[in-house]
Amino acid sequence: SGFYAPQDSLHLNRIQIAYREHYLASPRPLDIYFVEGGFKLAPFELHIDDGVVKGSFQRGKILSGSLEMSNIEANLVQALLGAEEFPVSGIAFGKAEFNVDSAKIEFQLDGSMKNGFFLKHPYDKLDLEVAFLDRIFYIDEFKLVQDLDTELILSGQFPLPESRHV
């Protein structure tokens, strides 16, 4: 339920959705404001299965927003980021911020995952802190831990060709 004000806003009192064995509910109202050439999703909170996603989002001349995730299944994170082909599973926690316009793409992710697989390799914990700024991909931390005995730690930066998209 909610109300719609043409040319202005959409107010949804509550959302409940079940899809492919996943459940989404909004514990508080969602407000969407129509702005020139797009929309703005006011700060929101969604409960997805046993986890929580909070954030804000704007789509118009620019695409920008932030998301905080807690206890979210990796396949849902993949769907949000449009990376379903990326071979990872587990439970995700963390924060992502993004800003995209016609001149640049900026993306930052600071998160961790637990009890899953990365490229078919099992892990107990995967820590990831990355950024994409000015066509340079920065890996501040990529740490994969299994059984407290095996660790893979990567960091570095590399430029991407101008035609490459994140």
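Preceding this section is the structure that the text describes.
Residues numbered from 1 in each chain as written. Predicted model: local features only at pLDDT ≥ 70, side-chain atom pairs only at ≥ 80, totals over all residues. Heavy atoms only, no water.

### Quick look at the overall build of the chain
Then, number 1: A count of helices and strands for the chain gives one helix and 13 strands.
Then, number 2: Mapped from its N terminus to its C terminus, the chain presents α and β elements in the order β-β-β-β-β-β-β-β-α-β-β-β-β-β.
Then, number 3: Across its three principal axes, the chain shows a C-alpha extent of roughly 55 × 40 × 20 Å.
Then, number 4: Every one of the 166 residues in the chain was classed for burial, and the buried ones make up 30%.
Then, number 5: For the chain, long-range pairs separated by at least 24 residues make up 27% of all intrachain contacts whose partners lie at least 6 apart in sequence.
Then, number 6: For the chain, the accessible surface area stands at approximately 10,900 Å², while carbon and sulfur atoms represent 54% of it.
Then, number 7: Across the chain, 15 positive and 25 negative side-chain charges occur, with their mean positions spaced 4 Å apart. (Helix = DSSP H or I, 4+ residues; strand = E, 2+ residues; numbered from the N terminus. Buried < 20%, exposed > 50% of the residue type's maximum accessible area, 1.4 Å probe, protein only. Contact = heavy atoms within 4.5 Å. Areas by Shrake-Rupley, 256 points an atom, 1.4 Å probe, with all protein chains shown as cover. Lys, Arg positive; Asp, Glu negative; His and termini not counted. Charge placed at Lys NZ, Arg CZ, Asp CG, Glu CD.)

### Observations regarding the packing of aromatic side chains
Aromatic rings considered in pairs are described by the distance between their centres and by the relative angle of their planes.
Then, number 1: Inspection of every chain in the model, using the stated rule, returns four aromatic pairs.
Then, number 2: Centre to centre, the rings of Phe-39 and Phe-57 are 5.8 Å apart; their planes meet at 35°, and the pair counts as tilted. On the criterion of sequence distance, the pair formed by Phe-39 in strand E6 (residues 38-48) and Phe-57 in strand E7 (residues 51-59) is long-range, its members being 18 residues apart.
Then, number 3: When its relative accessible area of 29% is taken as the criterion, Phe-39 is described as partly exposed.
Then, number 4: On the basis of relative accessibility, which here comes to 27%, the residue Phe-57 falls in the partly exposed class. (Phe/Tyr/Trp six-rings, centres within 6.5 Å; stacked < 30°, edge-to-face > 60°.)

### A look at the environment of Val-35
Then, number 1: Relative to the elements of secondary structure, Val-35 occurs in strand E5 (residues 30-35).
Then, number 2: Separated by 28 residues in the primary sequence, Val-35 and Gln-7 place their C-alpha atoms 8.4 Å from one another.

### As for the pairing of strand E4 (residues 22-25)
Regular strands show a simple pattern: their side chains alternate between the two faces of the sheet.
Then, number 1: Inspection of the sheet shows strand E3 (residues 16-19) paired to E4 by four bridges, in the antiparallel sense. Directly across from Tyr-19, in E4, lies its bridge partner His-22.
Then, number 2: The antiparallel hairpin formed by E3 and E4 contains two residues in its connecting segment, where Arg-20 sits at a positive phi of about 45°.
Then, number 3: Alignment of E4 against E6, held across two bridges, turns out to be antiparallel. Its bridge partner lying in E6, Leu-24 is registered against Ile-48. (Pairing = 2+ DSSP bridges.)

That is the geometry; function is a separate question.
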